[in-house]
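# Examining the three-dimensional arrangement
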Amino acid sequence: MFDSTTRTVVVVGAQWGDEGKGKLVDVLAEKADWVVRYQGGANAGHTVHIGDKSFVLHQIPSGILHPGVRCAIGNGVVMDPETLFTEIDELIADGVDVEGRLYVSERAHLVMPYHKLVDKASAASKAIGTTGRGIGPAYEDKVARRGVRVLDLRNVERLREMVTLGVERANAQLERSGSDVRASVDDTMATLSALAPRLLGLADDVGLCVHRAIKSGAAVLLEGAQGSLLDVDHGTYPFVTSSNTTVGGAATGVGISPMALHSALGVVKAYTTRVGNGPLPTELEEPLHSHVRQLGHEFGATTGRPRRCGWFDGVVVRYAARVNGLTGLAITKLDVLDTLEKLAVCTGYRVGDDVYTEFPADLALLERAEPIYEWFPGWQQSTQDARRIEDLPAAARAYLDRLEALCETPISFVSVGTRRDQIIPLHSS
């Protein structure tokens with residue numbers, strides 16, 4: 001993945017999130033010098049399995065599990081400082097050396113306690129299917145130019161003024177929503193005061209740090225959260241997150257030039273999942289739906305919510321490849337399909353008399369779409385011990401060949417299990 005001409009790589013989800021980006025970042029981070037998270041918040045959950053241990057990382061980049069790799073949280077992230085330090089302390093308890101290796105952008109906005117209260121009480125958030133962790137309200141305050149950034153913790157008087165205004169707005173929203181809970185200025189300030197010394201100790205100009213690293217020839221891995229179809233501009237709006245999850249958000253979310261990005265790896269499951277409401281054209285019917293969910297352990301790493309499951313949607317992934325300029329695909333969870341007798345791949349949508357082979361922006365049209373399927377025989381044998389493409393059953397290789405052709409992007413990796421070593425490298429991207 002990293003070579004003399006490719007030193008800055010973006011890893012992006014090319015479906016609706018939960019594609020297995022954490023594992024791919026963990027694998028690639030072995031040869032990286034820096035791993036930087038560029039958007040999202042603590043609503044993301046990247047699960048990495050090492051031996052008999054599982055690490056669930058919500059805000060800290062997956063590269064932290066590799067000694068010597070420097071990790072950073074970029075300005076595009078809305079950061080929950082309380083859960084950040086819970087995460088750090090859990091890593092330290094598990095023997096992971098974090099000291100001197102983690103940087104936080106001083107420009108990153110904070111998820112405040114009152115953001116969480118508003119998010120949980122918001123009927124709109126419940127309709128969209130958010131996690132209730134304050135991400136949306138934090139991004140709203142950021143865009144409205146009234147958010148609290150890490151650097152604001154350095155000035156207590158100004159911070160209290162900002163918090164007072166934030167609490168007043170939040171309490172007005174809570175009252176309108178019919179909630180009995182209220183935010184408190186004193187409680188919020190007490191929480192921030194307790195966290196400030198530790199958080200400011202991690203604060204830095206992350207954009208400058210990464211810029212200097214790239215100029216020195218360092219290998220830099222940029223890690224996104226969620227997936228391309230949850231992008232606020234390019235996803236299934238309004239059933240999206242509040243940030244740009246696509247590659248375009250990587251440069252702005254870290255503070256570097258887009259010209260510094262050399263390649264983009266799109267991570268996709270060998271089938272499709274999404275959490276929460278919104279269209280999923282290839283959604284399976286029962287009892288197959290529950291069966292695949294159990295096979296794939298499709299429950300959110302952060303929320304525990306069951307994921308909706310569907311057949312692989314080639315229209316979605318080809319769209320994500322175009323929007324992101326993907327140079328390679330990583331197919332994960334191929335092994336989940338090992339026992340199925342037959343598999344379907346969506347090649348287009350039928351809406352009335354019309355056929356669509358490109359992903360439509362109109363949600364009303366998408367909700368009426370009937371997937372057009374190609375069917376493939378299953379291989380019905382385990383792929384978990386495969387370490388070369390030749391080790392896979394012929395039917396599995398044929399399935400992958402069709403995905404590659406349909407998505408118009410070469411497959412760079414195939415994952416056949418949760419462990420670090422259960423991955424097959426293919427073409428270089």
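The structure under discussion appears in the preceding block.
Right, let's walk through the structure included here. (Residues numbered from 1 in each chain as written. Predicted model: local features only at pLDDT ≥ 70, side-chain atom pairs only at ≥ 80, totals over all residues. Heavy atoms only, no water.)

A count of helices and strands for the chain gives 13 helices and 20 strands. In terms of overall dimensions, the chain is globule-like: its C-alpha atoms have a radius of gyration of 21 Å, near the 22 Å expected for 429 residues. Seen through its C-alpha atoms, the chain measures out along the principal axes to roughly 65 × 50 × 40 Å. A total of 429 residues make up the chain; the buried ones form 58% of that total. A sequence separation of at least 24 residues applies to 76% of the contacts in the chain between residues at least 6 apart. Here the chain displays about 17700 Å² of accessible surface, and carbon together with sulfur accounts for 50% of that area. (Helix = DSSP H or I, 4+ residues; strand = E, 2+ residues; numbered from the N terminus. Rg over C-alpha atoms; globule rule 2.2 N^0.38 Å. Buried < 20%, exposed > 50% of the residue type's maximum accessible area, 1.4 Å probe, protein only. Contact = heavy atoms within 4.5 Å. Areas by Shrake-Rupley, 256 points an atom, 1.4 Å probe, with all protein chains shown as cover.)

Read from one edge to the other, the open sheet built from ten strands follows the order 9-7-5-2-10-1-11-15-19-20, with strand pairing classed as mixed. The sheet terminates laterally at strand 9 (203–204) and strand 20 (423–425), the two strands that pair on one side only. Bridge count between strand 1 (residues 8–13) and strand 10 (residues 220–223): four bridges; the pairing is parallel. Residue pairing across strands places threonine 8 opposite valine 220, the latter belonging to strand 10. (Pairing = 2+ DSSP bridges.)

What follows deals with unusual backbone geometry. Each neighbour pair has its own omega, and for tyrosine 237 with proline 238 the value is 10 degrees, a cis peptide bond. Along the chain, proline 238 turns up in the loop between strand 10 and helix 9 (248–254). Each neighbour pair has its own omega, and for glutamate 286 with proline 287 the value is 5 degrees, a cis peptide bond. By the element assignment, proline 287 lies in the loop between strand 12 (272–274) and helix 10 (288–295). Non-glycine residue arginine 145 carries a positive phi angle of around 65 degrees. If you trace the backbone, arginine 145 turns up in the loop between helix 5 (135–143) and helix 6 (156–177). In the Ramachandran plot, glutamine 226 falls in the positive-phi region, its phi being about 55 degrees despite a non-glycine side chain. What makes glutamine 226 buried here is its relative accessible area of 11%.

Under the counting rule described, the total for this entry stands at 20 salt bridges. Between aspartate 421 and arginine 387 there is a salt bridge, and its shortest N-O distance comes to 3.5 Å. Here aspartate 421, found in the loop between strand 19 (411–415) and strand 20, pairs with arginine 387, found in the loop between strand 18 (370–377) and helix 13 (394–407); they are 34 residues apart in sequence, far enough to count as distant. For arginine 387, a relative accessible area of 27% puts it in the partly exposed group. (Salt bridge = Lys/Arg side-chain N within 4 Å of Asp/Glu carboxyl O.)

Across the five residues of strand 19, five count as buried, placing the element largely inside the fold. Sheet analysis places strand 15 (residues 328–332) next to strand 19, joined by three bridges and oriented parallel. Pairing of alanine 330 across the sheet is with phenylalanine 413, part of strand 19. Note that strand 19 and strand 20 share three bridges and pair antiparallel. The residue of strand 20 that forms the bridge with phenylalanine 413 is proline 425.

So, about the packing of helix 3 (residues 113–121) against helix 5. Running from amino to carboxyl end, helix 3 crosses helix 5 at an angle of 120 degrees, the nearest separation of the two axes being 7 Å. Between helix 3 and helix 5, the angle falls in the class oblique. At the point where helix 3 passes helix 5, the crossing takes the right-handed sense. Residues Tyr114, His115, Val118 and Asp119 of helix 3 form the contact with helix 5, whose own contacting residues are Ile135, Gly136, Pro137, Ala138 and Asp141. In terms of residue class, the contact of helix 3 with helix 5 is built from five nonpolar, two polar and two charged. (Axes fitted to C-alpha atoms, helices over the stretch in contact; angles between N-to-C directions. Parallel < 35°, antiparallel > 145°, perpendicular 65-115°, else oblique. Left-handed = near helix turned anticlockwise from the far one by under 90°. Nonpolar A, V, L, I, M, F, W, Y, C, P; charged D, E, K, R; others polar.)

Our next topic: the packing of aromatic side chains. Considering all chains together, one arrives at seven aromatic pairs under this definition. Ring centres 5.2 Å apart and planes at 35 degrees place the aromatic pair tryptophan 34 and tyrosine 103 in the tilted group. In this pair, tryptophan 34 sits in strand 2 (residues 34–37) while tyrosine 103 sits in strand 7 (residues 102–105), placing the two residues 69 residues apart along the sequence. Each member of the pair, tryptophan 34 together with tyrosine 103, is buried. Look at tyrosine 349 and phenylalanine 359: their rings are 6.4 Å apart centre to centre, the planes differ by 70 degrees, and that puts the pair in the edge-to-face class. Of this pair, tyrosine 349 sits in strand 16 (residues 342–351) while phenylalanine 359 sits in the loop between strand 17 (354–356) and helix 12 (363–368), and the two are ten residues apart along the sequence. (Phe/Tyr/Trp six-rings, centres within 6.5 Å; stacked < 30°, edge-to-face > 60°.)

Summary: where empty space remains is shown by rolling a probe the size of a single water molecule over the atoms. In this structure, the second largest pocket encloses a volume near 280 Å³. In terms of lining, the second largest pocket is formed by Met1, Phe2, Asp26, Val27, Leu28, Glu30, Lys31, His66, Phe413, Arg420, Ile423 and Pro425. The element that contributes the greatest number of residues to the lining of the second largest pocket is helix 1 (residues 21–29), accounting for three residues. For the lining of the second largest pocket, the per-class residue count stands at seven nonpolar, one polar and four charged. (1 Å grid on protein atoms, 1.4 Å probe; cavity = no way out; pocket = protein on both sides within 12 Å on 5 of 7 lines; lining within 4 Å. Points joined across faces, edges and corners; volume = space filled by probe spheres on them.)

Scope: geometric values only; no functional claims are made or implied.
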